[in-house]
Amino acid sequence: MKQITSIQNPFIKTLLQLQEKARARKQSGTFIIEGKREIELALKGNYQLETILFLQELISEKEINNSFVIPSAAMGSQAELIEINKEVYQKLAYRDTTEGIIAVAKSKSLALSDLKLPENPLILVLESIEKPGNIGAMLRTCDAANIDAVILANPKTDLYNPNLIRSSVGCLFTNQIASGSTEDVIQFLKDKKIAIYSATLQNSNSYHTQNYTTPTAIAVGTEATGLSQAWRDNASQNIIIPMQGQIDSMNVSVAAAILLFEAKRQRGFEVLQTPKL
């Protein structure tokens, strides 16, 4: 088994580039995943692992093989296992408290045509959201509500940004995700006969008065400028969350959660177990 003990190692420098630069991730078609749960979710989401690096002090080779290498091989990709020392691990690790494991994974296609939708889908569309933390929070909500797909329209943030992966607590890998221009996404939804509900202040009806039990896409935009005019013009209905305070908007991830869970409520969503707080 290979070992790396220097932060000057060329491969480690390559991994640092993957962490820091979207261009490096795009050119290589790979990205970094840190943490047991995140890597396990990536494997469940059929992401292929190329390399697994681990710190023996925190996680054993046996556990790595049983939990990650063998499942990865069963999927048709044999991940290379590399032992690293504490100095290298601390250089690569984003989190202070972590489990001693980092993986290099292959990116997936984000083509709209790759989406596999049920007959009556519920979709969240995010237009031009920039903050990785907001996208990560919404991916967590979409996982919790078991949304059928998330579509990024005119994306401003690399989906495989380490901050986005971390803030999503691995829900990047549990959601079906696609990306495209606003024009292409709107046309895709129209072709699929999916009603568009655009969250916007202009010419809107209260969100709870609408019917989301048929094929539905809920579109949200940035807190600063909201959705572009195209989403307002092509919406089946513009919707708004009534507010009683002094401001006219809230965090986009909070707004998305309110809208999605209203749609799930109408569709007969039931709480199956007590949520973990």
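A brief structural summary. Note that this is a predicted model, so its numbers are computed, not measured. (Residues numbered from 1 in each chain as written. Predicted model: local features only at pLDDT ≥ 70, side-chain atom pairs only at ≥ 80, totals over all residues. Heavy atoms only, no water.)

### Structural notes on the pattern of salt bridges
Argument step 1. Here the structure, examined in full by the defined rule, presents three salt bridges.
Argument step 2. We note a salt bridge from Glu 63 to Lys 36, for which the minimum N-O separation is 3.1 Å. Placement of the pair is Glu 63 in helix 4 (residues 61-74) and Lys 36 in helix 3 (residues 36-44), with a sequence separation of 27 residues.
Argument step 3. Assessed through its relative accessible area of 23%, Lys 36 is described here as partly exposed. (Salt bridge = Lys/Arg side-chain N within 4 Å of Asp/Glu carboxyl O. Helix = DSSP H or I, 4+ residues; strand = E, 2+ residues; numbered from the N terminus. Buried < 20%, exposed > 50% of the residue type's maximum accessible area, 1.4 Å probe, protein only.)

### Quick look at the sheet that holds strand 1 (residues 2-4)
Argument step 1. Pairing is mixed in the open sheet, where five strands are placed in the order 1-4-3-5-2. What marks the edges here is a single partner per strand, and that holds for strand 1 and strand 2 (30-34). For this sheet the average axis-to-axis angle between neighbouring strands, irrespective of direction, equals 25 degrees.
Argument step 2. Examined bridge by bridge, strand 3 (residues 49-55) and strand 5 (residues 101-106) share five bridges and lie antiparallel to one another. Following the sheet pairing, Leu 49 is matched in strand 5 by Ala 105.
Argument step 3. With respect to the sheet, helix 4 is in contact with strand 3, strand 4 (80-84) and strand 5, its orientation differing from that of strand 3 by roughly 170 degrees. (Pairing = 2+ DSSP bridges. Axes fitted to C-alpha atoms, helices over the stretch in contact; angles between N-to-C directions. Contact = heavy atoms within 4.5 Å.)

### Focus: unusual backbone geometry
Argument step 1. Even without a glycine there, the phi angle at Ser 128 is positive, about 55 degrees.
Argument step 2. Judged by its relative accessible area of 15%, Ser 128 falls in the buried class.

### Some details on the sheet that holds strand 7 (residues 149-153)
Argument step 1. The sheet built from seven strands is open, its strands ordered 8-7-6-11-9-12-10 with parallel pairing. Edge strands, defined here as strands with exactly one partner in the open sheet, are strand 8 (177-180) and strand 10 (205-206).
Argument step 2. When strand 9 (residues 195-199) meets strand 12 (residues 237-240), the two strands line up parallel, connected through three bridges. Looking at strand 12, one finds that Tyr 197 is bridged to Gln 237.
Argument step 3. On top of the sheet, helix 6 (residues 132-145) reaches strand 6 (122-127), strand 7, strand 8 and strand 11 (216-220); it is set at about 175 degrees to strand 6, its chief contact.

### Details of the packing of aromatic side chains
Argument step 1. For the coordinates displayed, the defined rule picks out six aromatic pairs.
Argument step 2. Aromatic side chains Phe 31 and Phe 173 sit 6.1 Å apart centroid to centroid with 20 degrees between the ring planes, which places their arrangement in the stacked category. Placement of the pair is Phe 31 in strand 2 and Phe 173 in the loop between helix 7 (162-167) and strand 8, with a sequence separation of 142 residues.
Argument step 3. Between the aromatic rings of Tyr 47 and Phe 173, the centroid separation amounts to 5.1 Å while the plane-to-plane angle is 75 degrees, which identifies the pairing as edge-to-face. Taken together, the positions of Tyr 47 in the loop between helix 3 and strand 3 and Phe 173 in the loop between helix 7 and strand 8 put the pair 126 residues apart, joining distant regions of the chain.
Argument step 4. A relative accessible area of 6% means that Tyr 47 is categorised as buried.
Argument step 5. Counting every residue linked through ring pairs, the aromatic cluster contains Phe 31, Tyr 47, Tyr 160 and Phe 173.
Argument step 6. When the ring centre of Tyr 47 is taken as origin, the NZ or CZ atom of Lys 108, which lies over that ring, is 4.6 Å away. (Phe/Tyr/Trp six-rings, centres within 6.5 Å; stacked < 30°, edge-to-face > 60°. Lys NZ or Arg CZ within 6 Å of the ring centre and 35° of its normal.)

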